[in-house]
Amino acid sequence: MSKSMGNGIDPLHVIDQYGADALRLTLMTGNTPGNDMRFYWERIEASKNFANKVWNASRFILMNLDAAEVSENVNLARLTLADKWILHKVNTLAAEVTENMEKFELGIAVQKIYDFIWEEFCNWYIEMVKPCLYRKTEDTQTVVLWTLKTVLNHVLKMLHPFMPFITEEIFCTLNPNEESIMIAPWPKYCLNWEFYQAAADVELMKAAVCGIRAVRSELNVPLSKKIRIYVVSGNRAIFQTFEHGRIFFATLAKASEVYIQADKSGIGDDVMSVMIPGANIYIPFVKLVDLDKEVKRLIKEKERLEKELARSNKILGNKYFISKAPSDKVQEEKKKLNKYTQMMQQVKLRLEQLKNKM
């Protein structure tokens, strides 16, 4: 902006049109200290949309809280798989955001909060637990409502330095006995919320759902059309993961029925498939499956996995990386290699089955 060029933008005009919170968020994201940044109206619009997302999610939670009584504490043993996952995620977020704030990495901190609220909390967790909320006779409803309120309180506190007005309004409505969010305690890392296995289980189901959505999109099958889904895995732990999370998985995958079995018996070859580590997902789209198209899709997936395997093998073959990198980083890369190896075996087997059918 230049006074001589007359291209300045009055912040009061922006606030009148989009709100102070949207302007603050725009100026904090995608920026690093000391660097110039370009002003785009599209970014202001995106920040306003985010504020609407937070507001609408909060209204949904408040509406359900009004219809039930929720205690201040809950027995963690009663938590569902989805509850454990979101608590683990927000717990990790609190630790990371606190570290970023202490280092004055404000742009990084608010981006993490933004991503968590939009993706993990709104797009995944709230959608996962809606069946529990609608079945009002279920014992899990109280636990889910406690989790929703707890996580919302945490993210509002973390978001408050960046969007103070909307967070204050929602927080005081959510907690009528609290004086202000400004003097509420900052979220701290809680050891009781470490649910690593539950987090890994839900991430596995999320990977399956994303794969199913990609297949739907490729075949132009609308989300309104319910589908049958077969989960095939000889791995007992993965088998149980989908058994325990059947309701969440069926809801997110828009499935009419979910069958979980140890082998492919009873499933024909004229199905679309999705590969995840340790399991195959089969979707019988009647009269929609094009075997040639499915083979081409699997070949593309095989090529992607070959690149990932080459990259991972190159890293692990580097003696400097093995000796100098932190042990957890090395273990993470080994896990990736194992995951990609399993998926490659599954893709090759599926390709062989389809080629024999053609």
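Residues numbered from 1 in each chain as written. Predicted model: local features only at pLDDT ≥ 70, side-chain atom pairs only at ≥ 80, totals over all residues. Heavy atoms only, no water.

**A closer look at helix α3 (residues 41-66)**
Phase 1: Between its first and last C-alpha, α3 extends 37 Å over 26 residues, near the 38 Å set by a 1.5 Å rise per residue.
Phase 2: Considered for burial, the residues of α3 that qualify are Ile44, Ser47, Phe50, Ala51, Val54, Ala57, Ser58, Phe60, Ile61, Leu62, Asn64 and Leu65.
Phase 3: Against α1 (11-18), α2 (20-28), α5 (106-134), α6 (140-159) and α7 (164-174) lie the buried residues of α3. (Helix = DSSP H or I, 4+ residues; strand = E, 2+ residues; numbered from the N terminus. Expected span 1.5 Å × (residues − 1). Buried < 20%, exposed > 50% of the residue type's maximum accessible area, 1.4 Å probe, protein only. Contact = heavy atoms within 4.5 Å.)

**Section: unusual backbone geometry**
Phase 1: You will see that Phe104, though not glycine, has its phi angle at about 60°, which is positive.
Phase 2: Along the chain, Phe104 falls in the loop between α4 (81-102) and α5.
Phase 3: Positioned with a positive phi, Lys254 is a non-glycine residue whose angle comes to about 55°.
Phase 4: Note that Lys254 resides in the loop between α10 (246-253) and β2 (255-261).
Phase 5: With a relative accessible area of 29%, Lys254 lands in the partly exposed category.

**A closer look at the sheet that holds strand β3 (residues 272-276)**
Phase 1: Here we have 4 strands laid out as an open sheet, ordered β2-β1-β4-β3, and mixed in their pairing. Whereas interior strands pair on both sides, the edge strands pair on one side only; in this sheet they are β2 and β3. Sheet twist, expressed as the mean angle between neighbouring strand axes with direction ignored, is 20°.
Phase 2: Where β3 meets strand β4 (residues 279-283), 5 bridges bridge the pair, whose relative direction is antiparallel. Across the sheet, residue Ile276 finds its bridge partner in β4, namely Ala279. (Pairing = 2+ DSSP bridges. Axes fitted to C-alpha atoms, helices over the stretch in contact; angles between N-to-C directions.)

**Thoughts on the state of the cysteines**
Phase 1: Going through the model one piece at a time under the given rule, you end up with 0 disulfides.
Phase 2: For the unlinked cysteine Cys210, the closest cysteine sulfur is that of Cys122, found at 16 Å. (Disulfide = S-S within 2.5 Å.)

**With respect to the packing of aromatic side chains**
Phase 1: Tallied over the full model, the rule gives 9 aromatic pairs.
Phase 2: Pairing Tyr18 with Trp41 gives two aromatic rings, centres 6.0 Å apart and planes at 35°, and the pair type is tilted. Remark: Trp41 occurs in helix α3 and Tyr18 occurs in helix α1; sequence separation between them is 23 residues.
Phase 3: Residue Tyr18 is classed as buried on the basis of its relative accessible area of 15%.
Phase 4: Ring centres 5.1 Å apart and planes at 85° place the aromatic pair Phe242 and Phe249 in the edge-to-face group. Both residues of the pair, Phe242 and Phe249, belong to the buried class. (Phe/Tyr/Trp six-rings, centres within 6.5 Å; stacked < 30°, edge-to-face > 60°.)

**Points about the nonpolar core**
Phase 1: Ranked by internal contacts, the top residues of the largest apolar core, which has 86 residues, are Phe121, Phe242 and Phe249.
Phase 2: The biggest single contributor to this core is α5, with 14 residues.
Phase 3: Contacts of Phe121, omitting those with residues within four sequence positions, involve Ile61, Ile86, Phe116, Ile126, Leu148, Val151 and Leu152.
Phase 4: If you look at the next biggest cluster of nonpolar residues, it comprises 16 residues, including Leu298, Val330, Leu351 and Leu354. (Core = buried A, V, L, I, M, F, W, Y, C linked by side-chain atoms within 4.5 Å.)

**A few points about the environment of Gln261**
Phase 1: Positionally, Gln261 belongs in strand β2.
Phase 2: Owing to a relative accessible area of 18%, Gln261 belongs among the buried residues under this scheme.
Phase 3: Taking C-alpha positions, Gln261 is 5.1 Å from Val232, a pair spaced 29 residues apart along the chain.
Phase 4: In contact with Gln261, not counting residues within four places along its chain, are Tyr230, Val231, Val232, Ser233, Phe239 and Ile267.
Phase 5: Polar contacts involving the side chain of Gln261 include one to the main-chain carbonyl oxygen of Ser265, which spans 2.9 Å. (Polar contact = N/O pair within 3.5 Å; in protein donor to acceptor, adjacent residues only side chain to side chain.)

**Some thoughts on the confidence of the model for the chain**
Interpretation of the predicted coordinates at a detailed level should be avoided for regions scoring low in pLDDT.
Phase 1: Mean pLDDT over the chain: 87, with 95% of residues reaching 70 or higher.
Phase 2: Taken element by element, the chain is modelled with least confidence in helix α13 (residues 327-357), mean pLDDT 81, and with most confidence in α7, mean pLDDT 96. (pLDDT = per-residue confidence, 0-100.)

**Points about the side chain of Thr26**
Phase 1: Within the secondary structure, Thr26 is located in helix α2.
Phase 2: Taking relative accessible area as the criterion, Thr26 reaches 2% and is therefore assigned buried.
Phase 3: At 2.8 Å, the side chain of Thr26 forms a polar contact with the backbone oxygen of Ala22.
Phase 4: Setting aside anything within four residues of it in sequence, one finds Thr26 in contact with Met37, Arg43, Ile44 and Ser47.

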